[in-house]
Number of protein chains: 2
Amino acid sequence: MAKVAILGFGTVGTGVAEILMQNASLLHKRTGQAMELAAILVRTMRPHPLQHLFVQSMEEILSHPQITLVVECMGGTTAAYPYVKEALSTGRSVVTSNKELVACHGAELIQIAKEQGCAFLFEASVGGGTPIITPMFQSLCPGGIDKIAGILNGTTNFMLTCMEQMDMDFAKALHLAQQKGYAETVDPSDDVDGKDAARKLAILASMAWGSEVSPSQISTCGIGQVTPFDFQCVHKMGHTIKLLAWADKMDDQLRGAVEPVIVQKNSQLGQVNDAYNGVQISTQYAADVLFYGQGAGKYATANAVVADLVLALQAGSSVHRLLSWEKAVKPQPLKPWDEPSAYYVHTKDVPASMLKSLFGEGELLLEQDGHCGYLADCLTPEQLDKAKERLANEPGELMQILRKVHLEQN
Amino acid sequence: MAKVAILGFGTVGTGVAEILMQNASLLHKRTGQAMELAAILVRTMRPHPLQHLFVQSMEEILSHPQITLVVECMGGTTAAYPYVKEALSTGRSVVTSNKELVACHGAELIQIAKEQGCAFLFEASVGGGTPIITPMFQSLCPGGIDKIAGILNGTTNFMLTCMEQMDMDFAKALHLAQQKGYAETVDPSDDVDGKDAARKLAILASMAWGSEVSPSQISTCGIGQVTPFDFQCVHKMGHTIKLLAWADKMDDQLRGAVEPVIVQKNSQLGQVNDAYNGVQISTQYAADVLFYGQGAGKYATANAVVADLVLALQAGSSVHRLLSWEKAVKPQPLKPWDEPSAYYVHTKDVPASMLKSLFGEGELLLEQDGHCGYLADCLTPEQLDKAKERLANEPGELMQILRKVHLEQN
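Keep in mind that this is a model prediction, so the values were computed, not measured.

1. Describing the UniProt feature "domain: Homoserine dehydrogenase catalytic" (unreviewed entry) in chain A
Residues annotated by UniProt as "domain: Homoserine dehydrogenase catalytic" (unreviewed entry) correspond here to residues 131-310 of chain A. Counted over residues 131-310 of chain A, helix gives 38% and strand 27%. Its end C-alpha atoms are 14 Å apart.

Below, the structure written as structure tokens:
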């Protein structure tokens, strides 16, 4: 019998409780032992069918020696970090959906789990219901990982899909995302500014290369500047706009960023629409593999948490032979993209005839009400900087520059 | 120290040997023990850098008590079945890339592994280098699986891509696939007739619903009748043609088939091109997830084999709490699709004006040199049979009927 405590009883926490109870006998069969929900840490007591399990202090959970599995879905790190640390330090396996916790404290928490012979698992922290973490450390483990490229934030992907398919501007798309519950109503900046995607990328990059990458090391740009005009332009070249979280390792140097880019519409990532997530991992042996699915959702996320509970029971701390990273010795910002690329450039009140002299050979995609969309064939980062400088001295405005990213075309 | 024997030293076998040797220290670190290649079963001795490990009889391997891991990549079942059975019966874990072996004898071999406390693993048998089996039984384990829909054969998918993108007919596409090493030169029927896909579907369906589905229970149709004209027609409705391996469970009744169908071009599976594979799994809790990657290839497949070796060392027979199915009590053919659907109909020398009276309301997509492509809006299976019967009594020919399958549009 394994007794389970849940910390935080919001959307994910209630989903976990439901799945555990609805599938008790199936899970018993699959793990070889019963999993019983024994305590739920809540902020305030309230009437609920499970209120007999409600507790209001972490001490009550820690003083319960039979609780060997802890699910953390409080979010944030203020309480989650010390609570999870305490649970692991007392030999309890912890499963979390909290990407901020994992991105900021993963190396330390994994180290404690190893020392205490328990497991710290977090499949639900990236991709919600889409299996990414477990296949990445298990199925792709034999060789090295070369590159990660993903659409890791469902909210912004939903908004970009609205802008693309329904011709909405940013404000309207955000409003709809808020109505649908995808975006926070008070402060949606974690999603729209790319911070959420950067946390998830930090987790994947830490896993992939074994040294902690914190979100603060990742250059992060959101989708606030993307307009329906940009979509019109890039459609003309068979492309679309995605908020891409990418990282790779070149000559022992990590590169990476979270940024809106243009990708071919008929690539696998170009086809990830609405609130879905997709991550493409390029490996030494297995070439490109892609994992795709719902990026969030109560049951999808809770499903990932419960799968981790099963894995914790099955494998215990032995998973950390495969799933592990160290504190970085000298954390440095990830290098940005530094190779020559094509760029989509959007200007306002700049004569179309000037674009070629500013950005080099290319194609004028669209000219409309003073706006120009131009595809510059090939610029080095230095050339791009110079072009921006020169443009700053001209009348007119630079509205947007998006790098063209070449993904596999299958 | 775990000693490994490889049975069969073709493409996959040599790839496994290379990965084991090139990554010895990484794998040691990740599994907690060294894996050492100790024997390779070959048909004929030949000069080779590893010839000191070559043996020619299974007895030599079985008499070696330190060999606890066996990799089977001989293919077929004549020798593979008794050898794998013997290895498992003596408590050795077996990893295989052999889909025929798993599809036809999986239930029995898993049962032996359970009894002997070892593992029988086969990630490489479906999807080559794409992780499907392990994420399916681990990450999606908490709830039930509703539906499987996949492009499981890279050869036919490559051929369909050639027909679609380069306007080749079946014979030319086959020839190119043979030149590229995707299709067998002597007898390519396993691929082109859908048999290979049916074996892989049999494995996934057995896993998903816990009762053995053998390939012989699956109605299987290949791509021999697909023509470039068909692609021209379905493009007009934003669709493409894919060889789909699908199964679902409705009211305790399994349905499924391997058949060419039309799917929306901008769906995830519609975008799986060339020799790639993609499998979409619909689950109770995690909604639709999709796994996508190379369907074959020496290192991709060998990578999956080595990942299974790591899992066998890590989890041993405990994986079979999650990965397991029983012999079917009364094996019955999977039911075909039985709901009303839209159908693409291709006729020759049938007056276009007759199509509506035969197949009901619909749209004439293309008329060319006596060929007609027609999209029938909605037919029940009975209506479709009647229409076929009536057409058989008319002059002209029915060239092709393809069901329109509605996949998620993300």
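2. A closer look at the pattern of salt bridges
Pairs can form between side chains of opposite charge once their charged atoms are near each other. All names here are of chain A. Per the counting criterion, the structure on display carries 30 salt bridges over all chains. Residue Asp 196 pairs with Lys 99 through a salt bridge whose shortest N-O separation is 3.5 Å. Placement of the pair is Asp 196 in helix H10 (residues 195-209) and Lys 99 in helix H5 (residues 99-116), with a sequence separation of 97 residues. Residue Glu 361 is joined to Lys 356 by a salt bridge in which the shortest nitrogen-to-oxygen separation is 3.5 Å. Looking at Glu 361, the relative accessible area reads 51%, which means it is exposed. You can call Lys 356 partly exposed: its relative accessible area is 45%. Several salt bridges converge on common partners, so that one network encompasses Asp 248, Arg 255, Lys 335, Asp 338 and Glu 339.

3. What about the confidence of the model for chain A?
On average, residues of chain A carry a pLDDT of 95, and 99% of them reach 70 or more. If you check the scores for this complex, the pTM reads 0.95 and the ipTM reads 0.92.

4. A closer look at the layout of surface pockets
Sizing a probe to match a water molecule and rolling it over the atoms shows the empty space that remains. Residues and elements named next belong to chain A. Size it by volume and the second largest pocket reaches roughly 1100 Å³. Around the second largest pocket, the lining comprises 41 residues; the ones closest to its centre are Val 12, Lys 99, Glu 184, Asp 196 and Ala 296. Looking at the lining of the second largest pocket, the elements that each hand over two or more residues are helix H1 (11-22), H5, helix H7 (154-166), helix H9 (189-192), H10 and helix H12 (298-315). Of the residues forming the lining of the second largest pocket, the biggest block, 3 residues, is contributed by H10. For the lining of the second largest pocket, a count of residues per class yields 11 nonpolar, 18 polar and 12 charged.

5. Details of the sheet that holds strand E6 (residues 120-121) of chain A
Residue and element names in this part refer to chain A. Taken in spatial order, the 6 strands line up as E3-E2-E1-E4-E5-E6 in an open sheet, and their pairing is parallel. Two strands close off the open sheet at either side, each with one partner strand: strand E3 (54-55) and E6. Relative to strand E5 (residues 93-96), strand E4 (residues 67-72) is paired through 4 bridges, and the arrangement is parallel. By the bridge assignment, Glu 72 is partnered in E5 with Thr 96. Along the sheet, H1 contacts strand E1 (2-7), strand E2 (35-41) and E4; its crossing angle with E1, the most-contacted strand, is approximately 160 degrees.

6. Examining the relation of the copies chain B and chain A
For the match of chain B to chain A, the screw axis carries a shift of 0.0 Å, the RMSD comes to 0.0 Å, and the turn is 180 degrees. This pairing of chains is accounted for by a two-fold axis. No C-alpha of chain B lies nearer the rotation axis than that of Phe291(B), which sits 2.5 Å from it. Here 100% of the interface residues in chain B have copies in chain A that are interface residues too; the copies meet face to matching face.

7. Remarks on the environment of Gly15(B)
All names here are of chain B. Here Gly 15 is to be found in helix H1 (residues 11-22). When the C-alpha atoms of Gly 15 and Ala 202 are compared, they prove to be 26 Å apart, with 187 residues separating the residues in sequence. Aside from chain neighbours lying at most four places away, what touches Gly 15 is Lys 298, Tyr 299 and Ala 302.

8. A short note on the sheet that holds strand E4 (residues 67-72) of chain B
Residues and elements named next belong to chain B. A sheet is described by the order of its strands in space; here 6 strands give the open sequence E3-E2-E1-E4-E5-E6, paired in parallel fashion. The strands lining the two open edges of the sheet, one partner per strand, are strand E3 (54-55) and strand E6 (120-121). Against the sheet, H1 engages strand E1 (2-7), strand E2 (35-41) and E4, with an angle of about 160 degrees to E1.

9. Brief notes about unusual backbone geometry
In this model, Ala287(A) sits at a positive phi of 55 degrees, which is unusual for a non-glycine residue. Among the structural elements, Ala287(A) can be located in strand E12 (residues 287-294).

10. Some remarks on the UniProt feature "domain: Aspartate/homoserine dehydrogenase NAD-binding" (unreviewed entry) in chain A
As recorded in UniProt, the sites labelled "domain: Aspartate/homoserine dehydrogenase NAD-binding" (unreviewed entry) are residues 8-123 of chain A. Each end of residues 8-123 of chain A is marked by a C-alpha atom, and these two atoms are 17 Å apart; helix forms 46% of the span and strand 18%.

11. Remarks on the side chain of Thr134(B)
Relative to the helices and strands, Thr134(B) resides in helix H6 (residues 133-138). Excluding anything up to four places from it in sequence, Thr134(B) contacts Gln138(A), Ser139(A), Glu123(B), Ser139(B), Asp308(B) and Leu311(B).

12. Quick word on the packing of aromatic side chains
Taken as a whole, this structure holds 15 aromatic pairs over all chains when the rule is applied. Centre to centre, the rings of Trp246(A) and Trp337(A) are 5.6 Å apart; their planes meet at 80 degrees, and the pair counts as edge-to-face. Pair noted here: Trp246(A) is in strand E9 (residues 239-250) and Trp337(A) is in the loop between H12 and strand E13 (341-348), with a separation of 91 residues, a long-range link. Ring centres of Phe120(B) and Phe122(B) lie 5.5 Å apart, and the angle between their planes is 55 degrees; this geometry places the pair in the tilted category. Considered together, Phe120(B) and Phe122(B) belong to a single accessibility category, that of buried residues. Clustering of aromatic rings is evident, with ring pairs tying together Phe120(A), Phe122(A) and Trp325(A).

13. Digging into the environment of Gly76(A)
Residue and element names in this part refer to chain A. Counting through the fold element by element, Gly 76 comes out in the loop between E4 and helix H4 (80-89). Separated by 24 residues in the primary sequence, Gly 76 and Glu 100 place their C-alpha atoms 6.3 Å from one another. Contacts of Gly 76, omitting those with residues within four sequence positions, involve Asn 98 and Glu 100.

14. Observations concerning H1(B)
Residue and element names in this part refer to chain B. The terminal C-alpha atoms of H1, which comprises 12 residues, lie 16 Å apart, in line with the 16 Å expected from a rise of 1.5 Å per residue. Turning to H1, its buried residues are Val 12, Gly 13, Thr 14, Gly 15, Val 16, Ala 17, Ile 19 and Leu 20. Tucked into the core, H1 has its buried residues touching E1, helix H2 (24-31), E2, E4 and helix H12 (298-315).

Criteria and cut-off values
Residues numbered from 1 in each chain as written. Chains lettered and ligands numbered in written order. Predicted model: local features only at pLDDT ≥ 70, side-chain atom pairs only at ≥ 80, totals over all residues. Heavy atoms only, no water. UniProt positions renumbered as here; feature names shortened; annotations may be inferred. Helix = DSSP H or I, 4+ residues; strand = E, 2+ residues; numbered from the N terminus. Salt bridge = Lys/Arg side-chain N within 4 Å of Asp/Glu carboxyl O. Buried < 20%, exposed > 50% of the residue type's maximum accessible area, 1.4 Å probe, protein only. pLDDT = per-residue confidence, 0-100. 1 Å grid on protein atoms, 1.4 Å probe; cavity = no way out; pocket = protein on both sides within 12 Å on 5 of 7 lines; lining within 4 Å. Points joined across faces, edges and corners; volume = space filled by probe spheres on them. Nonpolar A, V, L, I, M, F, W, Y, C, P; charged D, E, K, R; others polar. Pairing = 2+ DSSP bridges. Contact = heavy atoms within 4.5 Å. Axes fitted to C-alpha atoms, helices over the stretch in contact; angles between N-to-C directions. Least-squares fit on C-alpha atoms with pLDDT ≥ 70 in both. Phe/Tyr/Trp six-rings, centres within 6.5 Å; stacked < 30°, edge-to-face > 60°. Expected span 1.5 Å × (residues − 1).

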